[in-house]
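This is what each chain is made of:
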Amino acid sequence: MTKPDALRILIVDDEKSIRRFLKTTLHAQGFQVFEAATGQEALQNSVADHPDALILDLGLPDMDGIEVTREIRKRSQIPIVILSVREQEADKIAALDAGADDYLTKPFSSGELLARLRAVMRRLLPQEEAQVLKVGKLTADLSKRIICIKDQPVKLTPTEYDVLKVLVLNSGKVVTHRHLLQAVWNKTEDLEGVAHLLRVTMSNLRSKIETDPNRPFYILTEPGIGYRLRSEP
Amino acid sequence: MKHIQNWNSYSKSLMLVVAASLLGEGVQRFLAPTNLVMLYLLVVVVSAIRWGRGPAVFASFMSVLAFDFLFVPPRLNFSVADSQYLLTFAGLLIVALVISALAARARDRALEANQREIQATLLYNLSRDLATALDLKAVLKILGDHAHHIVSTDVALFLPEDKGLKECYTSSGFLVGENEIAVATLAFQKNLPAGRGTETLPSSSAQYLPLKTTQGISGVLAYKFNDDLSKENERLLQALTNQAAVAIDRALLAEKAHQIELLKETEKLQKLLLNSVSHDLRTPLVSIKGALSSLLENDALDPETRRELLENAYEESDRLNQIVGNLLDMTRVETGTLKIVKKPCDLSDVIGVSLQQIPKERLGKHPIVIHIPPEFPEILMDLSLMVKTFMNILDNALKYSPADAAVEIKAEIVNDRAHIEFMDHGIGIPPKDLHRIFDKFFRSEHSHKVPGTGLGLAICKGVVEAHQGEIRVESRLNEGTRIVVSLPFPHIPEKGER
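Definitions and cut-offs
Residues numbered from 1 in each chain as written. Chains lettered and ligands numbered in written order. Predicted model: local features only at pLDDT ≥ 70, side-chain atom pairs only at ≥ 80, totals over all residues. Heavy atoms only, no water. Helix = DSSP H or I, 4+ residues; strand = E, 2+ residues; numbered from the N terminus. Rg over C-alpha atoms; globule rule 2.2 N^0.38 Å. Buried < 20%, exposed > 50% of the residue type's maximum accessible area, 1.4 Å probe, protein only. Contact = heavy atoms within 4.5 Å. Lys, Arg positive; Asp, Glu negative; His and termini not counted. Charge placed at Lys NZ, Arg CZ, Asp CG, Glu CD. Domains from an automatic or database assignment. Buried area = accessible area lost by both parts, 1.4 Å probe. Salt bridge = Lys/Arg side-chain N within 4 Å of Asp/Glu carboxyl O. Polar contact = N/O pair within 3.5 Å; in protein donor to acceptor, adjacent residues only side chain to side chain. Phe/Tyr/Trp six-rings, centres within 6.5 Å; stacked < 30°, edge-to-face > 60°. Lys NZ or Arg CZ within 6 Å of the ring centre and 35° of its normal.

Another point: the overall build of chain B. Per the secondary structure count, chain B includes 12 helices and 12 strands. At 43 Å, chain B has a C-alpha radius of gyration far larger than the 23 Å of a compact globule built from 498 residues. In terms of overall dimensions, chain B has C-alpha extents of about 150 × 55 × 50 Å along its principal axes. Taking all 498 residues of chain B together, 41% fall into the buried category. Within chain B, counting contacts between residues at least 6 apart in sequence, those at least 24 apart form 62% of the total. Computed over 53 positive and 59 negative side-chain charges, the separation of the two mean positions in chain B equals 8 Å.

Here it is in structure tokens:
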């Protein structure tokens, strides 16, 4: 069933039942799956198994997922998706800051898992198609700097456009507040002090592209973490 | 002071003798000298009643001398012509001494009775005040105040804590440091008065009295030593310490009983929790396991049934997840480990996230109507906790409403606070249950057809209160329910304040 050129995924979780569920689901989707139960194993296997992406649990028995992320990032840029429970907000941010690409909160559906994997692995694909994004009625053409809703161009301020551009370039992936503040406002410190600029811009941006800004469809808020642009209908 | 007062009484009784002599001088032409003795007896009686034994005895002797000198011939001379007068002197002296003794005793009795009455009144007031005291703190305050009133200097009360004594009441001028604790501890351990006026550490500025009960010592009362403290007040203080010891013991016992009561209450809650957990966790598991086993064991199911079973299992797993989340949150609210990280938040974003996280099948066909005024000010809150709160409120609004009934969310500013209203057109809450709706595990009889743990609103209340907010409910049976969350706005720094 697994093709020789299938994408290779390393699953790191100390719970056997979760590894089993992940393995079955991913296998059925044509991925080649490898497993690790501890942080040490993860570090070894992330070299030995040549994975194309990593699914990494934050709570490992020997070292925490943040540390594992940091170690792996020292030598590799492979996509990493963190698995966490709802209460680990601070850890999630730390792992994302350490270089993880995205996260999934347990329990999650296989649909969410596959969407995350697709989003983080898009990075591995040739870049040109990333310039145009179509989701629902939203079209974003970064090469032409045009944003359309139902084929009608939307007038955005330069800041709003910049914010949306960062989200489009990372479509489907979580983009942290820090990331946006750095990329758009060029801020690296006193992020709390300028966070309101981001919130105001986001509110304006939503009122321009969302049908109901109170119930956004395109730009989703990840509480305490950042935002995510929907990449799939 | 006492001595001066004594000299005063002596001189006053002397003056009475002088006055009697002058009066005798005036009437001696009409009376025989022996009858003048009566005048002096009167002086002795008055002295005894007014000033007590000493002045009375003094007056007796002075009277004999004055009588002899002034009225017994030869006059203005201490010599006595008629030896019969010696008998008069003896009679006068003996009668005067006996009268003075009797009168003085009567006076002492009266004084004592008076003192006893004062003492009784004071102790009565004390016990009356103590009867109204609800807890140890109040008892200590009353004891301290009364002691302060008796000794008219600063007082302190020490009670035993885990290790050693701790001051539990001090009037303003009583500063407690290591030394004070040390003396109090000595008094406590030796079960004897210590400090000034005693044999133990007399150099300290206060006296420390152990508060004894039949069971032991319940504490130590200290007062800044006062030289002028009268015998009576000393006695009063003694009476107070006895009563204080009993009162403190009683308050401690009451407190212990209260703790036991609390513990019982906690146990009851734990039992409720266990029941709730075992029931509520198992119900979705039953559905999940049932659905999955049907799928596993029955290959002949038609696709529609398979899908139905799978959807059922999926929805039930969501419910299970929600229950576990609520239990965790409740535990955090209860144990105070709920960490709140407040940041300014855009309300419509918070509402949006809350709605986004509610399962689609729960939202169903309910129209959600949102009125948040544009430019609504940001509110300081812990985003994820407030999302849970709003989710819980919305979840209730949805599950207790008919399938197509609208749920309205409205925000407005009332008295400088953000009021966020959630209004449904559902089954409502009976008036008798309204006041209990935020209680843990409370579920209205009216709602029993709909599954739930009775935790959601209790968590909401915990979270909202941790935000210095308030949560209120209004409801009309079979018409709908309105939940209002009121939150303070952050202090907005004026220009230049940063």
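Among the 11 residues in helix 9 (residues 347-357) of chain B, nine count as buried, and that is most of the element. Among all positions in helix 9 of chain B, only B:L347, B:S348, B:D349, B:V350, B:I351, B:G352, B:V353, B:S354 and B:L355 are buried.

With that settled, the discussion passes to the domain arrangement of chain A. Residues and elements named next belong to chain A. Each domain of chain A was delimited in the assignment, giving domain 1 (8-124) and domain 2 (128-229). For domain 1 versus domain 2, the separation of C-alpha centres amounts to 26 Å. Of the residues lining the interface, 13 residues belong to domain 1; the matching set on domain 2 comes to 11 residues. Contact between domain 1 and domain 2 buries roughly 980 Å² in total, counting both sides, with carbon and sulfur atoms accounting for 50%. It is D97, Y103 and R122 in domain 1 that bury the most area against domain 2; as a group they hold 37% of the surface buried on that side. Where domain 1 packs against domain 2, one counts three salt bridges. Among the ionic pairs, K173 bridges to D101, the shortest N-O distance being 3.5 Å.

A negative phi angle characterises most non-glycine residues, just as the trans form characterises most peptide bonds. For the bond running from A:K106 to A:P107, omega is -5°, close enough to zero to count as cis. Mapped onto the elements of the fold, A:P107 is located in the loop between strand 5 (102-105) and helix 5 (110-121). One non-glycine residue, B:Q468, lies in the positive phi region at around 55°. With respect to the helices and strands, B:Q468 occurs in the loop between helix 12 (456-466) and strand 11 (470-476).

Residue and element names in this part refer to chain A. You can see E210 is positioned in the loop between helix 8 (191-209) and strand 11 (219-222). Buried and unpaired, E210 has R206 as its nearest opposite-charge partner, separated by 4.8 Å. A polar contact is formed between the side chain of E210 and the backbone nitrogen of Y218, at a distance of 2.9 Å. Dropping the residues within four chain positions of it, E210 is found in contact with P216, F217, Y218 and I219.

Applying the stated rule across the entire model yields 11 aromatic pairs over all chains. With a centroid separation of 5.9 Å and 55° between ring planes, the pair formed by B:W7 and B:Y10 is classed as tilted. Of this pair, B:W7 and B:Y10 both sit in helix 1 (residues 2-27), three residues apart, which is roughly one turn of the helix. For B:Y10, a relative accessible area of 26% puts it in the partly exposed group. Summarising the aromatic geometry, the rings of B:Y10 and B:F58 are spaced 5.5 Å apart at their centres and angled 75° between planes, so their arrangement reads as edge-to-face. Here B:F58 lies in helix 3 (residues 53-71) and B:Y10 lies in helix 1, a separation of 48 residues in the sequence. Residue class for B:F58 comes out partly exposed when judged on its relative accessible area of 29%. Put simply, the rings of B:W7, B:Y10 and B:F58 pair up and form one aromatic cluster. Lying across the ring of A:F217, A:R230 places its NZ or CZ 4.1 Å from the centre. One cation-aromatic arrangement involves B:K224 over B:F174; the distance from NZ or CZ to the ring centre is 4.8 Å.

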